[in-house]
Structures are given as C-alpha cells and as structure tokens.
Amino acid sequence: MAEKVILDNFFENELLDGSLLNIGLAVSVFNYEITNEMYNHAYDSLLEHKVDKNKIKRVNVPGAFELPLICKKMAESEKYDSIIAIGAVIKGETDHYDFVANNASNGIANSSLTTGTPIIFGILTTNNYKQAKDRITDAKYYATSSIIVPNIIKKL
Ligand code: INI
C-alpha cells in the first residue's frame, strides 16, 4: 500500500486552522460500516484542526451515485466553506461499479467547479472490501483537505 500522506507536514499553520470554517459532510450509507468509520475519522480530524462542533453538518445519502447532487445543493445553500463527499464504491461481479464510481467522481468535480465551493472527493473506489477497510483512515486526509482548500482560496 502507498505511504499515507500527512498533509499537516506540508502546509503552514494558518492554512490548517479550521476555526472559522463551516464544513458539510455528505455520507453515503451504502457500505455503511466503512463510510460511518470514515465519517468518524473525518470528524475527529476536523476537531483536531479547531473546527467548531456546531459548524459541522452531516447529511446521509443512499449511495455514492447521489453524492454529486446533494453536495451541489449543499454548496448552493452557501452555508459551507467546503463539503466532503464520503462514500465507498467496491467492485463487484457486475459493471454497476463503473457507473457508480464514474458518475460519483465526474459529478463531484462538476458540482465543485460549477458552484465554486470546494467539494472534497472522499470516495474510496476499491476492488474489494478489505482494500476499502484498509483505507478508512484516508478520511483524515479528506478532512484536512476540506480545511486547506477554502483557506487557500481566501488567501488568493
Ligand atoms: N453505492 C455505493 O456507494 N457503493 C457501491 O459500491 C455501490 N454498488 O456497488 O452498487 C453503490 N450503489 C448504489 C448507488 O450509489 C445508488 O445509491 C443507487 O443506484 C440508487 O441511485
């Protein structure tokens, strides 16, 4: 497995400070055992970066396919400095995986670019369940990204 990147080592403290930010998390309940743990890691990481508990909003969605639309609606509400889309798309016997994974990734990029709100791609796409489990802690990276990106934008 590739080495995990600790973003805190690459950015100055000012960019890692979440104290002024409102963060939304859209969480797919498909593969809930994985996505809920991802949420917990992301939540802890947001608190470690000084995000106020009251400024974190979780919205559950049925599956990763629904994430782009809900993230877009959340962005359009203008309540959030950034949004994290959390999901786990695991390859099965059918090609359903490709449709769900492709729609989720293209859709999230599109929602982020059209709204101008950072939407962090927190969706694991793996060949099997074990690979997804091994990558649950990647959610910390996604949470840190959700702080760094809006802070970068503020400074541009
Ligand atoms: N949704 C996921 O989040 N992960 C998956 O692995 C998955 N697979 O494999 O089917 C999945 N399917 C559901 C999909 O996201 C939608 O919720 C459903 O098709 C209704 O639109």
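As a reminder, the structure under discussion sits directly above these lines.
Everything in this summary refers to the structure shown in the same document.

Calculation rules
Residues numbered from 1 in each chain as written. Predicted model: local features only at pLDDT ≥ 70, side-chain atom pairs only at ≥ 80, totals over all residues. Heavy atoms only, no water. Pairing = 2+ DSSP bridges. Helix = DSSP H or I, 4+ residues; strand = E, 2+ residues; numbered from the N terminus. Axes fitted to C-alpha atoms, helices over the stretch in contact; angles between N-to-C directions. Parallel < 35°, antiparallel > 145°, perpendicular 65-115°, else oblique. Left-handed = near helix turned anticlockwise from the far one by under 90°. Contact = heavy atoms within 4.5 Å. Nonpolar A, V, L, I, M, F, W, Y, C, P; charged D, E, K, R; others polar. Buried < 20%, exposed > 50% of the residue type's maximum accessible area, 1.4 Å probe, protein only. Near = heavy atom within 4 Å. Polar contact = N/O pair within 3.5 Å; in protein donor to acceptor, adjacent residues only side chain to side chain. Areas by Shrake-Rupley, 256 points an atom, 1.4 Å probe, with all protein chains shown as cover.

A closer look at the sheet that holds strand E3 (residues 82-90)
Item 1. Spatial strand order, E2-E1-E3-E4: 4 strands in an open sheet with parallel pairing. The open sheet is flanked by strand E2 (56-61) and strand E4 (119-126), the only strands paired with a single partner. For this sheet the average axis-to-axis angle between neighbouring strands, irrespective of direction, equals 15°.
Item 2. Sheet topology note: the strand E1 (residues 23-28)/E2 ladder contains 6 bridges and is parallel. Of the residues in E2, the one forming a bridge with Val 27 is Asn 60.

Some thoughts on the packing of helix H2 (residues 67-76) against helix H3 (residues 96-115)
Item 1. Following both chains from N to C, one finds H2 and H3 inclined at 15°, their axes separated by 8 Å at the closest point. By the angle between their axes, H2 is roughly parallel relative to H3. At the point where H2 passes H3, the crossing takes the right-handed sense. Residue-level inspection shows Leu 67, Pro 68, Lys 72, Ala 75 and Glu 76 of H2 in contact with H3, the latter providing Asn 103, Ala 104, Gly 107, Ile 108, Ser 111, Thr 114 and Thr 115.
Item 2. Among the residues making up the contact of H2 with H3, the classes are represented as 5 nonpolar, 5 polar and 2 charged.

Digging into the environment of Asp 8
Item 1. Examined against the element boundaries, Asp 8 turns out to sit in the segment before E1.
Item 2. Overall, Asp 8 belongs to the partly exposed group, its relative accessible area being 32%.
Item 3. Measuring from C-alpha to C-alpha, the distance between Asp 8 and Thr 144 comes to 7.7 Å, with 136 residues separating the pair along the chain.
Item 4. Not counting chain neighbours up to four residues away, the residues in contact with Asp 8 comprise Leu 16, His 49 and Thr 144.

Regarding the site of the ligand
Item 1. The environment of the ligand is made up of Ser 28, Phe 30, Asn 31, Gly 63, Ala 64, Phe 65, Glu 66, Ala 88, Val 89, Ile 90, His 96 and Val 100.
Item 2. Residue Ser 28 places a side-chain N or O atom 3.3 Å away from an oxygen atom belonging to the ligand.
Item 3. Calculation on the ligand without its partners gives an accessible area of 460 Å², and the protein chains cover 76% of this total.
Item 4. The set of elements that each furnish at least two residues to the shell around the ligand consists of E3 and H3.
Item 5. In terms of residue count, the dominant contributor to the shell around the ligand is E3 (3 residues).
Item 6. Among the residues forming the shell around the ligand, the class breakdown is 7 nonpolar, 4 polar and 1 charged.

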